[in-house]
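Report on the structure
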Amino acid sequence: MPRTGWQGQLDRFIGPGATPAEVILQLVPSLGAAISAPIYASTLPIDWNPLQLSLIAILGFDLVGGVLTNATAAAKRWYHRSGQGWRQHLTFVSVHLFHIGLVAILFRGADGFFFAGISSYLLLASVLILASPLYLQRPISLGLYGLVLLGDRYLFAPTPGLEWFLPLFFLKLLVSHLLNETPYRQTDRR
């Protein structure tokens, strides 16, 4: 169960019972991404505005942190606990349509094809994973993720400064979040 106060809010985000190692694993690379992503973007010959650079930092933090957080045992226990079904998972995924919209508007010149294509694929892939028998979810998830990587290379032109966006975005949602995996404890051994 989540604790009370601000710690409870954190628990509801990363999962109650996260070990100090899990918290460090989530936080340090996320902060690194929040710093390095806008620095990398600044090396490109693009005239970024402060809003764009700030959003690049936020997306870097969120996506790297999301990949790692959703893969932890604490998050697996929390997001796949009893009562968390289709609706909760699709709601979590659907909130991320906002990310796609921001990238389409602020970095791709209001690219409607990008928004519609990526959003449709995200929702369809999520439904396919959730509808799959548990023992097939991992290979289906990874197969659908592989298609994202191909689409990112051959269907859509990469977003300058955000070439990492689609690979990390779909890794976070299709592989890290949606998969219902065994949430091992710190004391479990091979």
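Our subject in this report is the structure included herewith. Quick caveat: nothing in here was measured; it's all calculated off a predicted structure. (Residues numbered from 1 in each chain as written. Predicted model: local features only at pLDDT ≥ 70, side-chain atom pairs only at ≥ 80, totals over all residues. Heavy atoms only, no water.)

1. Things to note about the overall build of the chain
When helices and strands are tallied, the chain shows nine helices and zero strands. Listing each helix as α and each strand as β along the chain from the N terminus yields α-α-α-α-α-α-α-α-α. Rg of the C-alpha trace for the chain: 17 Å, near the compact-globule value of 16 Å for 190 residues, within the 12% margin. Each principal axis of the C-alpha distribution contributes one length, and for the chain these read about 50 × 35 × 30 Å. Per-residue burial for the chain yields a buried fraction of 43% across its 190 residues. (Helix = DSSP H or I, 4+ residues; strand = E, 2+ residues; numbered from the N terminus. Rg over C-alpha atoms; globule rule 2.2 N^0.38 Å. Buried < 20%, exposed > 50% of the residue type's maximum accessible area, 1.4 Å probe, protein only.)

2. What about the packing of helix H7 (residues 112-131) against helix H8 (residues 134-154)?
The geometry of H7 relative to H8 is characterised by a closest axis approach of 9 Å and an angle of 165 degrees between their N-to-C directions. Considered as vectors, H7 and H8 are oriented roughly antiparallel to each other. For the element pair H7 and H8, the recorded crossing hand is right-handed. Residues Tyr121, Ala125, Leu128, Ile129 and Leu130 of H7 pack against Gln137, Ile140, Ser141, Leu144, Leu147 and Val148 of H8. (Axes fitted to C-alpha atoms, helices over the stretch in contact; angles between N-to-C directions. Parallel < 35°, antiparallel > 145°, perpendicular 65-115°, else oblique. Left-handed = near helix turned anticlockwise from the far one by under 90°. Contact = heavy atoms within 4.5 Å.)

3. Details of the nonpolar core
Counting 37 residues, the largest nonpolar core has Phe165, Phe170 and Leu174 as the members making the most contacts within it. Going through the elements one at a time, helix H2 (20-42), helix H3 (50-71), helix H4 (73-79), helix H5 (86-95), helix H6 (97-106), H7, H8 and helix H9 (165-177) are the ones with two or more residues in this core. Beyond its immediate chain neighbours, meaning those up to four positions away, phenylalanine 170 contacts Ile118, Tyr121, Leu122, Tyr145, Val148 and Val175. (Core = buried A, V, L, I, M, F, W, Y, C linked by side-chain atoms within 4.5 Å.)

4. A short note on the side chain of arginine 108
Tracing the chain through its elements places arginine 108 in the loop between H6 and H7. When its relative accessible area of 17% is taken as the criterion, arginine 108 is described as buried. Separated by 2.8 Å, the side chain of arginine 108 and the backbone oxygen of alanine 157 make a polar contact. Contact partners of arginine 108, with chain neighbours within four places excluded, come to Val103, Phe114, Phe156, Ala157, Pro158 and Thr159. (Polar contact = N/O pair within 3.5 Å; in protein donor to acceptor, adjacent residues only side chain to side chain.)

5. What about H2?
Across its 23 residues, H2 extends 33 Å between first and last C-alpha, which sits within 8% of the 33 Å expected from 1.5 Å per residue. Here H2 has its buried residues at Glu22, Gln26, Ser30, Ala33, Ala34, Ala37, Pro38 and Ala41. Check the buried side of H2 and you find it contacts helix H1 (5-14), H3 and H4. (Expected span 1.5 Å × (residues − 1).)

6. A closer look at the pattern of salt bridges
In total, this model carries four salt bridges according to the counting rule given. Salt bridges linked by common partners bring Lys76, Arg138 and Glu181 together as one network. (Salt bridge = Lys/Arg side-chain N within 4 Å of Asp/Glu carboxyl O.)

7. A look at the packing of aromatic side chains
Applying the stated rule across the entire model yields seven aromatic pairs. Both rings, one in phenylalanine 114 and one in phenylalanine 156, keep their centres 5.5 Å apart while their planes meet at 85 degrees; by these two values the pair is edge-to-face. In this pair, phenylalanine 114 is assigned in helix H7 and phenylalanine 156 in the loop between H8 and H9, connecting sequence segments 42 residues apart. Both residues of the pair, phenylalanine 114 and phenylalanine 156, belong to the buried class. The interplanar angle of 65 degrees and the centroid separation of 5.9 Å between the aromatic rings of tyrosine 121 and phenylalanine 170 together place this pair among those described as edge-to-face. Linking tyrosine 121 in helix H7 with phenylalanine 170 in helix H9, this pair joins segments that are 49 residues apart in sequence. Looking at tyrosine 121, the relative accessible area reads 23%, which means it is partly exposed. A relative accessible area of 1% places phenylalanine 170 in the buried class. (Phe/Tyr/Trp six-rings, centres within 6.5 Å; stacked < 30°, edge-to-face > 60°.)

8. Section: the packing of H6 against H7
For the pair H6 and H7, interaxial distance at closest approach is 9 Å and the crossing angle is 160 degrees. Classified by the angle between their axes, H6 and H7 sit roughly antiparallel to one another. The chirality of how H6 crosses H7 is right-handed. In contact with Leu97, Ile100, Gly101, Val103 and Ala104 of H6, H7 contributes Phe114, Phe115, Ile118, Ser119, Leu122 and Leu123.

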